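Listed below, chain by chain, are the residues.
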Amino acid sequence: MIIMQILRSYVEPVLGNALSKIGIKDDSWKSMLTPSREHSQGDLSLPCFPFAKILGKNPVAIAEEIASSIEKTTEIGEISSAAGYLNFKANPKWLVSELLSNKIRIGDAFGGKPCTGRKVLIEHTSANPNGPFHVGRARNAILGDTLVRLHRLLGNEVRAEYYVDDMGKQVAVLAWALENLSENQIKEILRDSNEISPKWKNKADHTRVRWYQAAQKLRQDETESAQIELDIAKLVHDSENGNHKVLEKFNNAFHPVLEGMLTTLKRLGIEFDEFTKESMFVTNGDVEKLMKALSELDIHGVADNGAEYLDLGSRGLKGKTEFYFKRGDGSSLYATRDIAYHIWKWSQCDELINVLGEDHKLQARQVGLTLKELGHKVPEVLFYSFIKLPEGKMSTRKGNVVFMDDLLEEAKEHAEQIVRQLRNEYNEDQVSEIAEAVGSSAIRFNIIKVSPDKGFTFRWEEALAFEAGSAPFIMYSSTRARSIAKRCAELGLDVELICQKGILFDDITDELPDSLIDLLRCMAIQNDVLLRSVEQSRPNLFANQILNLATCFNGFYRDCKIIESGEVNEMYLQISQLASGFLKSGMEGLGITPLERM
RNA sequence: GGGCGUGUAGCAUAGCUGGAUAAUGCAUCGGCCUCCUAAGCCGAAGAUCGCGGGUUCAAAUCCUGCUGCGCCCGCCA
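Please read all numbers here as calculations on a predicted model, not as lab measurements.

A. Focus on the sheet that holds strand β12 (residues 380-384). Pairing in this open sheet of 5 strands is parallel, and the strands run β7-β6-β5-β11-β12 from one edge to the other. Across the chains shown, the open sheet's two edge strands, defined by having one partner strand only, are β7 (274-277) and β12. The sheet shows a mean angle of 25 degrees between the axes of neighbouring strands, direction not considered. Its contacts with the sheet place helix α10 (residues 244-267) against β6 (157-164) and β7, and it is angled at close to 135 degrees to β6. Relative to the sheet, helix α13 (residues 334-346) contacts β5 (119-123), β6, β7 and β11 (351-357), its axis offset from that of β6 by approximately 160 degrees.

B. Examining the sheet that holds strand β2 (residues 44-47) more closely. One open sheet holds the 4 strands; their spatial order is β1-β2-β4-β3, and the pairing between them is antiparallel. The sheet terminates laterally at β1 (34-35) and β3 (76-82), the two strands that pair on one side only. In terms of strand pairing, β1 meets β2 through 2 bridges, oriented antiparallel. Bridge pairing links P35 to L44 in β2. Its contacts with the sheet put helix α1 (residues 3-21) on β1, β2, β3 and β4 (85-90), and the angle it makes with β2 is roughly 30 degrees. Contacts from helix α3 (residues 59-69) reach β3 and β4 within the one sheet, and its direction differs from that of β3 by about 160 degrees.

C. Representation of the protein's contact with RNA strand B in the model. Taken together, 68 residues lie near RNA strand B, and Y85, R423, Y476, S483 and Y557 sit nearest. For RNA strand B, the fraction of atoms within 4 Å of the protein that belong to sugar or phosphate moieties is 65%. Side-chain polar atom of R37 to a phosphate oxygen of RNA strand B: 2.8 Å apart, as the coordinates give it. Within the side chain of N87, an N or O atom sits 2.9 Å from a base nitrogen of RNA strand B. Here the surface near RNA strand B is built from residues that sort into 28 nonpolar, 16 polar and 24 charged.

D. Representation of the domain arrangement of chain A. Domain annotation for chain A reports domain 1 (3-90) and domain 2 (119-285 + 339-388). The C-alpha-based centres of domain 1 and domain 2 are spaced at 54 Å.

E. How the structure looks around unusual backbone geometry. Despite not being glycine, T125 has its phi angle at roughly 65 degrees, a positive value. For T125, the position within the fold is in the loop between β5 and α5 (135-154). Positioned with a positive phi, S126 is a non-glycine residue whose angle comes to about 45 degrees. Turning to its location among the elements, S126 is positioned in the loop between β5 and α5. Judged by relative accessible area, which is 19%, S126 ranks as buried.

F. How the structure looks around the side chain of K412. Mapping K412 onto the fold places it in helix α15 (residues 404-422). The residues touching K412, leaving out its near neighbours within four places in the chain, are R267, S432, A435, E436 and G439.

G. Layout of the nonpolar core. By size, the foremost hydrophobic cluster in this structure holds 161 residues, and its most contacted members are L15, I66, F88, M404, I474, L516 and M523. Tallying contributions element by element places helix α20 (residues 514-535) first for this core, with 11 residues. Both domain 1 (3-90) and domain 2 (119-285 + 339-388) contribute no fewer than three residues apiece to this core. Excluding anything up to four places from it in sequence, I66 contacts L15, A18, L19, I22, C48 and L86.

H. Spatial organisation of the pairing of β6. Among the 8 residues that make up β6, 7 are buried, leaving the element largely enclosed by the rest of the structure. One ladder, built from 5 bridges, connects β5 with β6; its direction is parallel. Paired with L121 across the strands is R159, a residue of β6. Traced from β5 through α5 to β6, the parallel crossover comes out right-handed.

I. Highlighting the pattern of salt bridges. According to the stated counting rule, one finds 37 salt bridges in the structure shown. In the salt-bridge network here, residues are joined through shared partners; they are K199, R267, E409, K412, E413 and E436.

J. Molecular detail of the packing of aromatic side chains. Within the structure shown, the criterion is met by 15 aromatic pairs. Plain terms: the ring middles of F281 and W344 are 5.7 Å apart, the flat faces sit at 70 degrees to each other, and that makes the pair edge-to-face. Linking F281 in helix α11 (residues 280-283) with W344 in helix α13, this pair joins segments that are 63 residues apart in sequence. Residue F281 is classed as buried on the basis of its relative accessible area, which comes to 0%. Relative to W344, the ring of Y341 has its centre 6.1 Å away and its plane inclined at 20 degrees; by these criteria the two rings are stacked. Of this pair, Y341 and W344 both sit in helix α13, 3 residues apart, roughly one helical turn. For W344, a relative accessible area of 18% corresponds to the buried category. The ring of Y557 has R480 sitting right over it, with the charged end atom 4.1 Å from the ring centre.

Cut-offs applied
- Residues numbered from 1 in each chain as written.
- Chains lettered and ligands numbered in written order.
- Predicted model: local features only at pLDDT ≥ 70, side-chain atom pairs only at ≥ 80, totals over all residues.
- Heavy atoms only, no water.
- Pairing = 2+ DSSP bridges.
- Helix = DSSP H or I, 4+ residues; strand = E, 2+ residues; numbered from the N terminus.
- Axes fitted to C-alpha atoms, helices over the stretch in contact; angles between N-to-C directions.
- Contact = heavy atoms within 4.5 Å.
- Near = heavy atom within 4 Å.
- Polar contact = N/O pair within 3.5 Å; in protein donor to acceptor, adjacent residues only side chain to side chain.
- Nonpolar A, V, L, I, M, F, W, Y, C, P; charged D, E, K, R; others polar.
- Domains from an automatic or database assignment.
- Buried < 20%, exposed > 50% of the residue type's maximum accessible area, 1.4 Å probe, protein only.
- Core = buried A, V, L, I, M, F, W, Y, C linked by side-chain atoms within 4.5 Å.
- Right-handed = clockwise from strand over helix to strand, strands pointing away.
- Salt bridge = Lys/Arg side-chain N within 4 Å of Asp/Glu carboxyl O.
- Phe/Tyr/Trp six-rings, centres within 6.5 Å; stacked < 30°, edge-to-face > 60°.
- Lys NZ or Arg CZ within 6 Å of the ring centre and 35° of its normal.

Written out as structure tokens, the structure is:
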């Protein structure tokens, strides 16, 4: 149930009537009737400037004329004009009764329906399993998981996928190193690098990455590299030809690393429904079939050594237009396998979304154009810009990197300090539980709240700021609401029963505090914002909504005492509980852990 | 060199399907805990929305040129 759309459905007929009376007959004004920019003026506004020319009148006068010709209704509480704008304000009493009517399923943009019937497949993260997450790589996982959660909140059936790169050079390097280098050799090769943190010496993503790094270093070393390159090339070649023994070796090499990486993500509330291995499309023949199909396209071309490509220039690609899908030796490339993967994904969903770093833009374009060429739909892609450090680009090699595991620990410790300071009555288990939730939620929110296409500079002070504008701020509002409900229950009230009662329009007082009305309006648009956030794949829009909701709740909390000298105001309690529910579902949508107390 | 993205108070950001006085947090200054959790609330101050042109009744928002920054332009992944 989308309240503001309901309001619109009441406004449009009366407004259309009024407009046709003064000579505006067509419907073009409908797109001009938009949510008010100036929040204090109304909920829906119509700028009357375009009518000025048509009617030969001053827009201010037109707005006034229309305003005075429309009668208030139960739903429309106020029609006013200001500076050429015609403003409609929802009747607060109507908002209260509508919101408390239990017709709205919290967090569900489509009212009573449990499901939209849409199957959405979201592929995100898919990081090469060769080392621990740093905050840069984690932006993908956090954005992707938030998108997954928001789609679920909307009622879509979602599958979260991790595409595992289990073949090719990167894994080959890791596998080679694990087989050929001893622990002592690693120590020697990496003697100039940072030591592994003792905290993570049992976490395979942190330990095995050293083998990977050592191998990378050796490969650059002139004297050693030739034979290593040959060895690795053979492994790569075998894996690409679907050699089971080699693929198993690769699997044994990266699997513990992937497990370690997933442990980190789990701590951030991120989980996957399915892992799909890249090698599957080689071993099941899909890639072979695909390359054959591509060879038969009009835009297909062959290089001197037999390598094959598509010339996408005629399909709108600029710059270098050749898109190679087959090497001279006949083997496939990463992008080719990715296309096979996409065709497979399309066979099991209605909507396909990929979360990719901005460095993949060209590649994604090539994949998209090729899919189109083959008669498939093009997936939607959420691109994000990279996270950098104040010192510059994040680079494991240069040691200029912040590991997600360290950030999580640091955030938790910081939160623990604050909890101990603020609530010395909590025991250590409580402190730890709260701190863990606060820490990981804050990290997530810090990243979600900024627009994906914006570059992001990671700063410790910001990641560890738990004030207004952060996840803990939202969590705090939510615990306030819960604490009130608990108090009411302690006073012997059946809170749930009271909330089910709703409230009759005529039983609502005419004088409602502004902050209460603000909270109502904020709740009224929540599902609209959710829908927009999902449609545009912009989690930051919804993050902002929940921040506003928390702020509005705090205002309501200030002005509307629910319990006053032992007496409970039932309407306030119902509104508080509704807000509590909106906060909770919103937090779940963002991956913020709701707490009972903090 | 070409393509894509980005530039908004001291800092970090929101707004960019054109519309009213450009919103929020941090930092700065001032006020609020005998009152449902002060991780909070209220107030003050702070912006030539990168620069120049254009379209429009109306531009932070659309178009165009310039400029700073980022990413990409492998028969790598």
